[in-house]
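One-letter residues, chain by chain:
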Amino acid sequence: MKSKVFNRSLLAGVVISLCSGLLTPAALAACAGTELSACPAPFNVQLPDTHKMLTWSQSDRVIGFRNDYRNYAGDVFHHGNAIPLVASAKPLTDASYRVNGKTYHLQDYLQRQNVSGMLVLKDGKIAWKYLGQGNTDTTLWTSRSVGKSVVATLVGVAIKQGKIRSLDDLITQYEPDLKGTAWDGVTLRQLITHTSGVAWNEDYTNPKSDFAQLTECEARPGTYACVRKLVAGLHRAHPAGQNWSYSSGGAWLLGDVLERATGMPLAAYLQQSIWQPYGMASDGVWHAYAKGQHDVGAHGFNATLEDWGRFGEFILHNGTLPNGKQILPADWVAQSSNWTRAAGSVSAAHPNGIYGFQWWNNEVPANAANVEPAPQASLKHSLWALGIFGQMIMVNQAENLVIVQWSTWPQAEPSFSAQPLEASLMFSAIAKALR
């Protein structure tokens, strides 16, 4: 316990949760250990085995994803004075899309996507909110790779503050011990767009992939040293800048560079630069590889549904705080969706490219057939923060629209013709319904 103020805040949160039947007295000690100012609910006593994260059952995913802040060591980023989200005068009542001659409505979509939380913000107001699987407004849900988009945003803040000079800086300017490795000669721009050319196997179904090894490192002591050894030992597959290849190892390294540049863990930098100044309503937790020293850049951001939405609003408004101060470079959000044209990013489905500054282009594929809304009616120029098993923040400035989704897809990364396509169709249909 940090102070009497913390004690009172924590106790109040626990009393409320106890009265609602979501927490037991045993939750108090566990929550107190996290240094959170209020206890998330619901509280699950039994947690799934983190060694088996990639093969958890559906029920284990729900429990594991909303208790990620307890599954691993974590650094808390505290909220400041909250700015409330208010209800829209034009709520979303329904939206529908068609695939292969079949029409699916919003309630169908929730089932087909295994949605456990969803938030639609139109013009900054709540047009629709859904919490399922027992989740509440206090639930801290894990981001998976949505955290990459948060880290990329913090890189923009660091550039604006002068802590990072330029994306054209070499990684080795911040990580001199990587000289002579596959990362030597790679720029931060190549790192943030995943065009480093350094080999990385992201296969979530292969127990021997690089990503599986990273996950195994996270499930045992000495995580930072284990992951650093893994990433530093990678080899080069292509010349830097020529090929796009998604890499959680590279994203981890980007987070490490950011921490070295700012002199603080990701959670502390997020709290100082965005979380408190923007008016987030709840504390969050970032998965730490070394508590108080290093947080993981590839994922591990845990926050409430509404605070995920507030982060989306921060991006929607180009990094402008409520006091009018812009803390991102003026063209940062536009650059973030200036999709890389490197080989592997461009395809018939996405002729403009699929990846930017750790944000995705998830618009309806240009070659999609037998779908409505049609590709030309898709949310163009949207930025999508995407995490395995269906975690999303979609930002579309033209529609003044932010959509958040928490899910437990049966597969970590299904084919684009399945859940990812239907998400793009539904989000486009929601935009149309709210115009």
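Coordinates for the structure precede this section.
Quantities reported herein were computed from a predicted structural model and do not represent experimental measurements. (Residues numbered from 1 in each chain as written. Predicted model: local features only at pLDDT ≥ 70, side-chain atom pairs only at ≥ 80, totals over all residues. Heavy atoms only, no water.)

Trainee: Give me the lowdown on helix H9 (residues 223-232), citing residues and values where you can.
Mentor: Within H9, the full set of buried residues consists of Thr-223, Cys-226, Val-227, Arg-228, Leu-230 and Val-231. Considering only its buried residues, H9 is in contact with helix H8 (210-218), helix H10 (248-262) and strand E7 (284-290). (Buried < 20%, exposed > 50% of the residue type's maximum accessible area, 1.4 Å probe, protein only. Helix = DSSP H or I, 4+ residues; strand = E, 2+ residues; numbered from the N terminus. Contact = heavy atoms within 4.5 Å.)

Trainee: Tell me about the pattern of salt bridges, residues and numbers included.
Mentor: Within the structure shown, the criterion is met by 19 salt bridges. As a salt-bridge pair, Arg-165 and Asp-169 come within 2.6 Å of each other at their nearest N and O atoms. Through salt bridges that share partners, Lys-129, Asp-137, Glu-306, Asp-307 and Arg-310 make up one connected network. (Salt bridge = Lys/Arg side-chain N within 4 Å of Asp/Glu carboxyl O.)

Trainee: Describe in detail the sheet that holds strand E3 (residues 102-105), supporting the description with residues and values.
Mentor: Strand pairing in a sheet relies on backbone hydrogen bonds. The paired strands run either parallel or antiparallel. Overall, antiparallel pairing links the three strands, which are arranged E3-E2-E10 in an open sheet. Two strands bound the open sheet, and with one partner strand each, they are E3 and strand E10 (371-372). As paired elements, strand E2 (residues 96-99) and E10 share two bridges and run antiparallel to each other. Note that in E10 the partner of Val-99 across the bridge is Val-371. Against the sheet, helix H14 (residues 419-433) engages E2, E3 and E10, with an angle of about 145° to E2. (Pairing = 2+ DSSP bridges. Axes fitted to C-alpha atoms, helices over the stretch in contact; angles between N-to-C directions.)

Trainee: Give me the lowdown on H14, citing residues and values where you can.
Mentor: Taking 1.5 Å per residue, 15 residues should reach 21 Å; H14 reaches 21 Å between its end C-alpha atoms and fits that length. Burial analysis of H14 places 13 of its 15 residues in the buried class, which makes it a mostly covered element. (Expected span 1.5 Å × (residues − 1).)

Trainee: Account for the packing of helix H6 (residues 146-161) against helix H12 (residues 305-316), naming residues and giving values.
Mentor: Direction vectors running N to C along H6 and H12 enclose 40°, while the axes themselves pass 12 Å from each other. Of the possible angle classes, the one that applies to H6 and H12 is oblique. For H6 against H12, the interelement crossing comes out left-handed. Contacts from Val-146, Ser-149, Val-150 and Thr-153 of H6 reach H12 at Trp-308, Phe-311, Phe-314 and Ile-315. Partitioned by chemical class, the residues of the contact of H6 with H12 number six nonpolar, two polar and no charged. (Parallel < 35°, antiparallel > 145°, perpendicular 65-115°, else oblique. Left-handed = near helix turned anticlockwise from the far one by under 90°. Nonpolar A, V, L, I, M, F, W, Y, C, P; charged D, E, K, R; others polar.)

Trainee: Which residues make up the side chain of Asp-256, and what values go with them?
Mentor: Note on placement: Asp-256 falls in helix H10. Owing to a relative accessible area of 2%, Asp-256 belongs among the buried residues under this scheme. Residues in contact with Asp-256, not counting those within four places in the same chain, are Glu-175, Tyr-224, Arg-228 and His-294.

Trainee: Could you give an account of unusual backbone geometry, naming the residues involved and the relevant values?
Mentor: Here the bond from Ala-41 into Pro-42 is cis, since omega is 5°, no more than 30 degrees from zero. Of note, Pro-42 is situated in the loop between helix H2 (25-32) and helix H3 (58-66). With an omega of 0°, the peptide bond running from Glu-372 to Pro-373 counts as cis. Position of Pro-373 among the secondary structure elements: in the loop between E10 and strand E11 (383-387). Not every positive phi belongs to a glycine, and Asn-370 is a case in point at roughly 60°. Tracing the backbone shows Asn-370 in the loop between helix H13 (332-336) and E10. One non-glycine residue with positive phi stands out, namely His-381, at about 60°. Note on His-381: relative accessible area 65%, which makes it exposed.

Trainee: Mind laying out the pairing of strand E4 (residues 115-122), listing which residues take part and the relevant values?
Mentor: With eight of eight residues buried, E4 lies mostly within the body of the structure. Note: E4 against strand E13 (residues 401-407), seven bridges, orientation antiparallel. Bridge pairing links Lys-122 to Leu-401 in E13. Relative to strand E5 (residues 125-131), E4 runs antiparallel, the two being bridged by six bridges. Looking at E5, one finds that Gly-117 is bridged to Leu-131. Linking two consecutive strands that pair antiparallel, namely E4 and E5, is a turn of two residues; a positive phi of about 55° is found at Asp-123 within it.

Trainee: Can you tell me about the nonpolar core, naming the residues and giving the values?
Mentor: If you look at the biggest cluster of nonpolar residues, it comprises 123 residues, and the most contacted ones within it are Ile-274, Trp-286, Phe-427 and Ile-430. With nine residues, the single largest contributor to this core is H6. Core analysis: the second largest hydrophobic core is formed by five residues, Tyr-69, Val-76, Leu-140 and Val-285 among them. (Core = buried A, V, L, I, M, F, W, Y, C linked by side-chain atoms within 4.5 Å.)

Everything listed here is a matter of geometry and, on its own, says nothing about what the molecule does.
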